[in-house]
Amino acid sequence: MFPLAGKNRLKPGSDLCHGGSVSIPSLEEILDTAQVVALPMRERFRGITTREVMVFRGPAGWGEFGPFPEYDDAEAAWWLAAGIEAAWQGPPSPLRDSVEVNATVPAVPADDVAAILDRFPGATTAKVKVAEPGDTLDDEVRRVAAVRDRVPNVRVDANGKWTPQQAISTIRELGELQYAEQPCATVEELAAVRAAVDTPIAADESIRRAEDPLRVVRAGAADVAVVKVAPLGGMRRVLAIAADIDLDIVVSSALDSAVGMAAGVSCAAALPGETLACGLGTGTMFTRDVATPFVPVDGRVHPRLVAPDDDLLLADPVRATWWRERLTRTHALLAAGHAASEWARV
Ligand SMILES: O=C(O)CCC(=O)C1=CC=C[C@@H](O)[C@@H]1C(=O)O
Ligand SMILES: [Mg+2]
């Protein structure tokens with residue numbers, strides 16, 4: 001096991017060091033309050049224009065189950081664990097009352113950048129999507145330059161889509177960056193790019209989609225760890241992972257509705273060390289959320305519990321059935337012990 005070395009090390013006796021395990025509620029209990037929503041997005045982001053998630057209520061509040069459609073059931077089990085933690089256990093105690101957030105800029109033409117940044121009042125950091133289908137180097141350079149004109153700290157996220165050579169040359173073209181997130185797909189490629197450029201490298205998919213989320217850290221392949229509550233199995237597991245990492249931490253959303261975002265913000269507020277600006281402002285990407293979204297004020301958001309509004313934008317019945325069936329399969333996996341031993345550890 002990687003040593004407990006990080007600045008987010010948990011204090012012995014902290015409620016997060018034990019007390020994390022919660023038994024899995026029955027499928028019927030979850031289905032009883034579950035609703036599937038379809039949230040329209042202002043711009044295409046990670047290939048989608050509508051974000052579907054399921055929300056459900058437990059004794060501690062609301063939880064979200066929203067694994068991306070292409071994720072298999074084993075991966076989805078972590079997302080369900082996170083939703084159950086939120087609804088049956090609630091958030092850990094906060095250590096601060098606000099969290100700095102970054103603006104998130106989809107792969108839009110440079111001319112559209114200003115309007116997007118206006119949705120993140122006071123943000124001094126922006127994350128810019130690059131390496132999207134159809135993007136040319138010129139598009140990326142112009143998009144990043146338009147962001148840099150207005151925001152001092154700029155990072156880019158390639159979602160693992162560059163080859164190492166493309167990553168190295170594009171990062172050099174893009175000028176000064178706070179970091180480049182997941183420039184390539186594998187840990188080995190990240191390490192190679194990190195050795196070749198001065199720009200810090202952040203790991204996202206290499207943490208959230210990995211069997212072993214700390215391998216990328218042990219391999220010395222990243223300077224920054226991007227962690228997401230839903231794919232990593234909940235707030236307490238993220239805190240435990242962060243405690244094992246001596247890197248800068250960024251808590252980011254998984255394009256969550258306001259219910260899932262509440263867990264991300266609570267998690268970031270419970271980290272012993274300050275984070276870099278977190279990717280928790282994506283509620284502004286929906287034309288309508290399940291509740292009042294977390295919109296930054298002076299570049300920061302505040303932890304709070306969220307209950308969905310009464311008039312939700314419900315998914316159509318075919319999609320709702322698809323989600324209920326997915327929940328049923330994923331719940332069976334979780335109940336059979338998948339992800340459970342790790343989960344009970346925190
Ligand atoms: O980090 C942010 O600024 C917002 C969240 C974000 O960018 C993402 C959320 C969900 C899926 C992703 O493709 C994307 C990411 O890769 O970080
Ligand atoms: Mg990312």
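Please read these numbers as outputs of a predicted model, since none were measured by experiment.

A. Broad picture of the domain arrangement of the protein. What the domain assignment reports for the protein is domain 1 (27–91 + 312–345) and domain 2 (99–301). If you average the C-alpha positions of domain 1 and of domain 2, the two centres end up 23 Å apart. In this assembly, 28 residues from domain 1 lie in contact with 25 residues from domain 2. Secondary-structure elements contributing two or more residues to the side of domain 1 that touches domain 2 are β1 (35–45), β2 (48–58), β3 (61–65), α2 (73–89) and α12 (340–345). When residues of the side of domain 1 that touches domain 2 are assigned to their parent elements, the largest contribution, eight residues, is made by β1. Its residues assigned to classes, the side of domain 1 that touches domain 2 comprises 18 nonpolar, two polar and eight charged.

B. Highlighting helix α11 (residues 317–335). For α11, with 19 residues, the first-to-last C-alpha span of 26 Å sits near the 27 Å given by 1.5 Å per residue. All of the buried residues in α11 are W323, L327, T330, H331 and L334. Buried residues of α11 fall within an arc of 105 degrees about the axis and therefore sit on the same side. Counted as exposed and oriented over 90 degrees from the buried face of α11: P317, V318, T321 and E325. One or two positions beyond α11, positive phi appears at G337, with a value near 110 degrees.

C. Just the environment of V226, in detail. Among the secondary structure elements, V226 is positioned in strand β10 (residues 224–227). Along the backbone, V226 and A202 are 24 residues apart, and their C-alpha atoms lie at a distance of 6.6 Å.

D. Region of interest: the site of ligand 1. The environment of ligand 1 is made up of 13 residues, and the closest members are R46, T104, K127, S252 and G279. Residue composition of the shell around ligand 1, by class: two nonpolar, seven polar and four charged.

E. Expanded view of the confidence of the model for the protein. Across the protein, the average pLDDT comes to 92, with 92% of residues at or above 70. Counted against residues more than four places away or in other chains, residues 1–6, with its pLDDT under 50, gives 13 contacts. Low pLDDT (under 50) marks residues 10–20, which in the prediction has 13 contacts with non-local residues, meaning those over four places away or in another chain. Scored as a whole, the predicted complex attains pTM 0.93, and scored at its interfaces, ipTM 0.97.

F. Main features of the pairing of β3. Burial analysis of β3 places four of its five residues in the buried class, the great majority of the element. Summarising the sheet, β2 and β3 pair through five bridges and their orientation is antiparallel. Within β3, the residue paired with M54 across the bridge is F65. In textbook terms, the turn of a hairpin is the stretch between consecutive antiparallel strands, and for β2 and β3 this stretch comprises two residues.

G. Summary view of the packing of α2 against α11. The N-to-C vectors of α2 and α11 enclose an angle of 85 degrees; their axes lie 9 Å apart at closest approach. As judged from the angle between their axes, α2 and α11 are roughly perpendicular. For the pair formed by α2 and α11, the contact residues are D73, A74, A76, A77, L80 and A81 on the first element and R326, R329, T330, H331, L333 and L334 on the second. Class assignment of the residues belonging to the contact of α2 with α11 gives a composition of seven nonpolar, two polar and three charged.

H. Representation of the sheet that holds β2 within the structure. The antiparallel open sheet is built from three strands, whose spatial order is β1-β2-β3. For this open sheet the edge positions go to β1 and β3, each flanked by a neighbour on one side alone. For this sheet, the mean angle separating the axes of adjacent strands, direction not counted, is 35 degrees. Against the sheet, α2 makes contact with β2 and β3, and its axis sits at roughly 175 degrees relative to β3, the strand it touches most.

I. Examining the UniProt feature "domain: Mandelate racemase/muconate lactonizing enzyme C-terminal" (unreviewed entry) in the protein more closely. Summarizing the sequence annotation, UniProt attributes the feature "domain: Mandelate racemase/muconate lactonizing enzyme C-terminal" (unreviewed entry) to residues 109–200 in the numbering used throughout. Here residues 109–200 runs as 40% helix and 13% strand, with 25 Å between its end C-alpha atoms.

What counts as what
- Residues numbered from 1 in each chain as written.
- Chains lettered and ligands numbered in written order.
- Predicted model: local features only at pLDDT ≥ 70, side-chain atom pairs only at ≥ 80, totals over all residues.
- Domains from an automatic or database assignment.
- Contact = placed C-beta atoms within 7 Å.
- Helix = DSSP H or I, 4+ residues; strand = E, 2+ residues; numbered from the N terminus.
- Nonpolar A, V, L, I, M, F, W, Y, C, P; charged D, E, K, R; others polar.
- Expected span 1.5 Å × (residues − 1).
- Buried ≥ 20, exposed ≤ 12 C-beta atoms within 10 Å, placed from the backbone.
- Arc of directions from axis to C-beta.
- Near = placed C-beta within 6 Å.
- pLDDT = per-residue confidence, 0-100.
- Pairing = 2+ DSSP bridges.
- Axes fitted to C-alpha atoms, helices over the stretch in contact; angles between N-to-C directions.
- Parallel < 35°, antiparallel > 145°, perpendicular 65-115°, else oblique.
- UniProt positions renumbered as here; feature names shortened; annotations may be inferred.

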